[in-house]
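The residues making up each chain are set out below.
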Amino acid sequence: MRKSIVLLAILALVAGYTFAGGYQVGLHGQKQIGMGLIGTSLSLDASSMFYNPGGLSFMKPSFSFAAGISPIRSFTTFTKTAPSAYNATTDNPLGTPFYFYGAAKITDKLSAGLAVNTPYGNSLSWGNSWDGRYLIQELSLRAIFFQPTLSYKINDMIAIGAGLVYATGKFDLTKALPVTGANGDGSVNLSGSTAELGFNAGVMVKPTEALSIGVDFRSKVMMDVEGADATFTVPASLAGNFPASNKVTTTLPLPANLDLGVSYQINEDLMIGLGLNYVFWSVYDSLIFDFETNTPALPDSRNPRQYDNKLIVRLGGEYTISDKLAVRAGGYYDPSPVNKEFFSPETPSLNNLGLTLGLSYMPVEKLSIDLSFLYIMGMEGERQYTPDNFGGTYESRVYIPGFGLTYNF
Amino acid sequence: MKKNFLSKYFPLLLMLLVVAACEPKVDEFKATPGSADFSKYVSLGNSLTAGYADGALYTSGQSYSYANIIAGQLAYAGGGDFVQPVVTNEDGLLAGKMKLGIATNCLGVSSLGPVPAGGSPTGLPGAVTPVGYAVNNFGVPGAKSYHLVAPGFGDPAGLFTVPQTANPYFVRFASSATTSVVADAMAANPTFFSLWIGNNDVLVYSTSGGAGDVITSQDLFTGALNGIINTMTAGGAKGVVANIPDVTSIPFFNTIPYNGLVLTEQAQVDALNQAYGSGLLGISFQLGQNPFVIADATSPNGVGIRQLKAGELVLLTLPQDSIRCGGWGSQKPIPGFYILDEAEVGAVKAATSGFNNTLKSLAESKGLAFVDANAFMAEAKSGLVYDGMKFSVTYVTGGIFSLDGVHLTPRGNAIVANHFIEAINEKYGATIPLVNVGDYPGIVFP
């Protein structure tokens, strides 16, 4: 009972967020975040359900609960293509991705649990009057994944696991329309929600006591939103061209991921790990808005995105100081999946360099207080959204402090 | 030792980072004048330069003149104040301003279209009251090339001569009764000038359907332009010159199609065919779109009436109710002064081409920046996109041309100003920032 109340309270906090390549978010465990977001080869606690369900049955305690949030403070700046004296900075709402994991060993070999987390999202506000307002003013994407998971340890060296993903998603997009009325620009707001299915499956291998190898695949989830609200605000004389309570159908693909992780316990105190994370972004070819009622001024809109598949390379480690304290550090390089010629300010995802720190403090044996900090530098780059002839230099900075609790017994 | 150090300072470091969160710094854009000096900029031209729009010269329209927009950007690189002969009347100096509104036609059908804006334009004689201060914007609505060098073009007495020898807009800011536009512009000691003139040399002829004016001769044009440019550069000023866009591409000539006579009933078709001798006059009708019938004294059938041909242009000023309810274009021929026929279109294009050769070679010989406004017009015909806004030369919805179908909207002016700035940057190695087109208003819908 108490747990479900806590879960609801966390859900209520959720806003959108963005930080990783595209609109993928990797904040699913404070310990993993502290180590450059590696996790595929680790079996630390119930968070394995997301990173590699195979690892869950390698966890030592009989019960494991983990919960955390990672408030995102992000800034993207835009400087218009020279010569121009124009620049703008996003005023993004604070994003709060969260996770909750609960798992139990049913037998020594079989474990089960439920993961609830937020692997995709975007929360963006460029303001109403900025120069790219006809492309985007505000966007909020939120996906919450519910993943019941089973994991089976075949022997002491190999374990497998899989989870069914029930993904709920919401989006809300506002942009200006280039039609001028007495009160200035017109605008359109699109908002809707959906729920879809996917899966997450992984294998964990421990050839030696110190070495651990993991492979995990998370399926794509096509978020098909049908009958979303399309609300137009236009001058009265144009109302016939933009039906007031129109509907729109669109699809936002949440890409598949193939992860490979290797970690090695160098000595009693020090562990290091490497993660390779291949994201199948090419599924995001176009963003299509299919309006229920079309008019000559309002055809369906097909917006090229042409994302590319990308490999993220991660490196991290953990140093155990005492029974009560462990510290972590890591980093990664996450190249932008966004095509440079089709770079919309709606998802201003640059080549990201992430640096992380983390620590866990265990006041008692069963409880761990987990903190992390992730700093992401979105490297300055010139980008265009060619179809709208809008371009300039983008740069971003993201600061994500994270707080979590792990309770094992 | 190491463990102790880490356990002491690591948590502290973590907290410090959380506090340090801040946005990336953006470098301010640094504009440079290159080899030009923008400290005293003057603009010469006609209604386009003055900021005329929607059929009138009015306060906010002037503030969006391309010359004023350019001056605002030159200020980033040493440009000084830019004074315009401000009309303190949003309803217009002279009557004629239009707005978008709902108009009901002779068939009782209401639709969105240009309607008189009303209000209280200043009107004559108040409109010719001198502003009493020196200006930088020498754009004079109605001016042709040779008007800029004509002494007395600002003489109040010349407003009442027949033919009129003065221009009411120049009377407002001419320094004396005998001065010329170019003389006053030079008296301002400009370090930099822009010149966009010659449009009216073909446009006035065109907007009168080839009936109420003559196209300036090539010799007169060349002489006038030599005079203007030689004078303006005599003191060492640098500048930018724009050529003349093909006026036959503007909405004024392209909104009513040559075959805009729509017949929906066979009885109408039969009656018209019979009335015109069942094809004997080379005039025939069918269901759907038909070429309008116009008056043409030189028509091949010898009766002074013929149907329009593709490529011939109908003026925006053609009274549409006369088509709908008065039998114009079907039972009665449309008067020739509402039509720019094949020969007239050819004359306009030929003159424009000749004028543009003169403008380009003069700009080159004097080392001035050159704006190919004609090329821009050709691009606009196939559509333009800036920052998510789509533009075309379509009347009203195209967004470039104001409600008079000839002059520009504020956004149209911003696009033109950017072309001037690009030409200046290229010629003089300057880095004047462009404006955001979206910062300026479009056509306002009710």
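Residues numbered from 1 in each chain as written. Chains lettered and ligands numbered in written order. Predicted model: local features only at pLDDT ≥ 70, side-chain atom pairs only at ≥ 80, totals over all residues. Heavy atoms only, no water.

Peer 1: Any details on the interface of chain B and chain A? Residues and values, ideally.
Peer 2: Each partner contributes to the interface: chain B provides 38 residues, whereas chain A provides 47 residues. Note on chain B versus chain A: buried area summed over both sides is about 3500 Å², and carbon and sulfur give 64% of it. Of all residues in chain B, the largest losses of buried area upon contact with chain A belong to K3, P24 and D387 of chain B, amounting jointly to 18% of the total for that side. Viewed at the interface, chain A and chain B are joined by one salt bridge. Only α1 (2–19), β14 (384–386), β15 (389–391), α14 (410–428) and β16 (444–445) of chain B provide two or more residues apiece to the side of chain B that touches chain A. The element contributing the most residues to the side of chain B that touches chain A is α1 of chain B, with 10 residues. For the side of chain B that touches chain A, the residue count by class is 24 nonpolar, six polar and eight charged. Where strand β8 (residues 158–181) of chain A and β16 of chain B come together, two bridges link them in parallel fashion. Paired with G181 of chain A across the two strands is F445 of chain B, which belongs to β16 of chain B. (Contact = heavy atoms within 4.5 Å. Buried area = accessible area lost by both parts, 1.4 Å probe. Salt bridge = Lys/Arg side-chain N within 4 Å of Asp/Glu carboxyl O. Helix = DSSP H or I, 4+ residues; strand = E, 2+ residues; numbered from the N terminus. Nonpolar A, V, L, I, M, F, W, Y, C, P; charged D, E, K, R; others polar. Pairing = 2+ DSSP bridges.)

Peer 1: Could you give an account of the domain arrangement of chain B, naming the residues involved and the relevant values?
Peer 2: Residues and elements named next belong to chain B. Under the domain assignment used here, chain B contains domain 1 (41–247 + 342–439) and domain 2 (261–340). Computed over C-alpha atoms, the centres of domain 1 and domain 2 are 35 Å apart. Listed per partner, the contact involves 16 residues of domain 1 and 13 residues of domain 2. Between domain 1 and domain 2, a total of about 1000 Å² is buried, with carbon and sulfur atoms accounting for 67% of that surface. Of all residues in domain 1, C106, E342 and V345 bury the most surface against domain 2, accounting for 43% of the area lost on that side. Taken together, the connections running from domain 1 to domain 2 amount to one salt bridge. (Domains from an automatic or database assignment.)

Peer 1: Can you tell me about helix α8 (residues 218–234) of chain B, naming the residues and giving the values?
Peer 2: All names here are of chain B. Over its 17 residues, α8 extends 24 Å from the first C-alpha to the last, a length consistent with the 24 Å expected when each residue adds 1.5 Å. When α8 is considered as a whole, its buried residues turn out to be F221, A224, L225, I228, I229, M232 and T233. Looking straight down α8, one finds its buried side chains confined to an arc of 140°; they lie on one side. Summarising the geometry of α8, the exposed residues directed more than 90 degrees from the buried face are D219 and A234. (Expected span 1.5 Å × (residues − 1). Buried < 20%, exposed > 50% of the residue type's maximum accessible area, 1.4 Å probe, protein only. Arc of directions from axis to C-beta.)

Peer 1: Describe the pattern of salt bridges, listing the residues and the values that go with them.
Peer 2: Evaluation of the coordinates by the stated rule reveals 18 salt bridges over all chains. Of the charged contacts in the structure, one is a salt bridge between R218 of chain A and D259 of chain A, with a shortest N-O distance of 3.0 Å. Highlighted residues: R218 of chain A in strand β10 (residues 211–218) and D259 of chain A in strand β13 (residues 257–265), separated in sequence by 41 residues. One network of salt bridges, with partners in common, ties together K80 and D131 of chain A together with D387 of chain B.

Peer 1: Could you give an account of the nonpolar core, naming the residues involved and the relevant values?
Peer 2: Residue and element names in this part refer to chain B. Ranked by internal contacts, the top residues of the largest apolar core, which has 168 residues, are L44 and L195. Here the element with the most residues in this core is α14; it accounts for nine residues. Setting aside residues up to four positions removed in sequence, L44 forms contacts with T49, Y66, F138, L148, V181, V182, A185, F193, S194, L195, W196 and M232. In terms of nonpolar packing, the next biggest core, distinct from the first, is built from 19 residues, V269, F292, I334 and I339 among them. (Core = buried A, V, L, I, M, F, W, Y, C linked by side-chain atoms within 4.5 Å.)

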